[in-house]
Amino acid sequence: LCDWVRAAAELLRPLYDLQRERVIQSSVMWTDDTPVKVLVGGEEGSHLGRFWTYVGDEQHPYSVYDFTMSRSRDGPGRFLHAFRGYLHADAYAGYDAIYLGSDSRVVEVACWAHARRKFYEARQNYPREAHQVLEWIQQLYDIEDRAGSLPVAARQELRRLEAEDVLDQLEIYLATLAGRVLPKSALAQAVNYARNLWDALRCYTSDGRLTIDNNTAERTLRHQAIGRKNWLFLGSENAGPRAAVLSTILAGAKRHRIEPWAYVRELLVRLHADDARLEEMLPDRWAAAHPQFVLAHRLEESRTKAAAKRDRRRRRRALANRPRR
């Protein structure tokens, strides 16, 4: 089995390299990382490596994995050296060199889900202040519920008309809190986190293609986190890049709702041919050419879940705005 996996990863690498090349051409990208245990032998026994995911925009609809043996900035720095555009990411300091060294050609877009989590954790000691911030963040997400189905230009306009006012209020309130909360408290940490990233947190309102958080990358990386509970570790350092190749191929199938076995089977057959025609094997193009293998019910499930979520939030907003007797 191990020999077959090695051979399959090597055979699929040209398609992986092509998707990697295409995803870098995105003008908007989402990225995140997760740890993975790697067996290295000797006295050390195991080492903590990292899987990174890089999710392209609608014009470059590919989700590419990378593997590194550490979380140093060299990993994303090497992968993103030719990228130019908006980068959704968490507050990991390793990205700072990318932003600073790009001469403003890579623009940081911070994640409101991360910021919200810090205020949620602070609500025990400062319930009134934390809940006030959480309420404003909820308003931002409520606006996004309505913006999600709109065209890009209309989405940006809605944010300008409604989200900007909420952000202005929130910015003033955070400045007020910064001067009166205990410096080492959880609320102070949340306030400092948001204020230090404020320009990046507001950035999503400047372009309708951007998102309010980095959940796009986190959802993609969740497949690794769930799979890790089953396979537990990588057998060697060399297994990391092979796992990145195989995960990228399957992530492409999932993103475009392709029946995985049908896609991989044709990939392996095609890549053995003298003329593999790699362009045709990109997941978006293969899905368009083979609609019989697109799992339409998955798309319907996603739409149903999204509609139910919007309906729950709509009912909650109506309940919150109901006049009290």
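Note that residues are indexed from 1 along each chain, following the sequence as it is written. Only residues with pLDDT of 70 or above have their local features reported here, since the model is predicted, and side-chain atom pairs are shown and tallied only from 80 upward, although totals for entire chains, interfaces and linings are computed over all residues. With hydrogens and water excluded, all non-hydrogen atoms of the structure serve as input to the side-chain values.

(A) Here's a closer look at helix α7 (residues 186–196). Every buried residue of α7 is listed here: Leu-187, Ala-188, Ala-190, Val-191, Tyr-193 and Ala-194. Looking at the buried residues of α7, the elements they touch are α4 (112–121), α5 (127–147), α6 (152–178) and α8 (198–202). Note on classification: 1.4 Å probe, protein chains only; a residue is buried when its accessible area is under 20% of the maximum for its type, exposed when over 50%, partly exposed between these limits. For helices the rule is a DSSP run of H or I covering at least 4 residues; for strands it is a run of E covering at least 2, with both sets numbered from the N terminus onward. Pairs of residues are marked as contacts when any of their non-hydrogen atoms sit within 4.5 Å.

(B) Structural detail: the pattern of salt bridges. Whenever Lys or Arg places a side-chain nitrogen within 4 Å of a carboxyl oxygen from Asp or Glu, that contact is recorded as a salt bridge. If you walk through the whole model with that rule in mind, you get 18 salt bridges. When the shortest N-O distance is used, the salt bridge between Glu-171 and Arg-202 registers 3.2 Å. Here Glu-171, found in helix α6, pairs with Arg-202, found in helix α8; they are 31 residues apart in sequence, far enough to count as distant. Judged by relative accessible area, Glu-171 falls into the partly exposed class, the value being 35%. Residue class for Arg-202 comes out buried when judged on its relative accessible area of 16%. Through salt bridges that share partners, Asp-33, Arg-50, Arg-71 and Asp-90 make up one connected network.

(C) Expanded view of the environment of Leu-140. Looking at where Leu-140 falls in the secondary structure, it is placed in helix α5. For the pair Leu-140 and Glu-164, spaced 24 residues apart in the sequence, the C-alpha separation amounts to 9.2 Å. Those residues in contact with Leu-140 that sit more than four places away from it in its chain are Trp-112, Ala-163, Val-166, Leu-167, Tyr-204 and Ile-212.

(D) Here's a closer look at the environment of Arg-84. With respect to the element layout, Arg-84 can be found in the loop between α2 (74–79) and β4 (85–88). You can call Arg-84 partly exposed: its relative accessible area is 35%. Distance and chemistry together define a polar contact, namely a pair of N or O atoms within 3.5 Å, with one atom able to donate a hydrogen and the other to accept it when in protein, and with adjacent residues in sequence counting only for side-chain atoms on both sides. A polar atom in the side chain of Arg-84 sits 3.3 Å from the backbone oxygen of His-81.

(E) Summary view of the side chain of Ser-63. When you line up the elements, Ser-63 lands in strand β3 (residues 63–68). For Ser-63, the side chain forms a polar contact with the side chain of Arg-255, separated by 3.3 Å. Apart from residues no more than four positions distant in its own chain, Ser-63 is found in contact with Tyr-54, Val-55, Thr-220, Thr-248, Ala-251 and Arg-255.

Everything listed here is a matter of geometry and, on its own, says nothing about what the molecule does.
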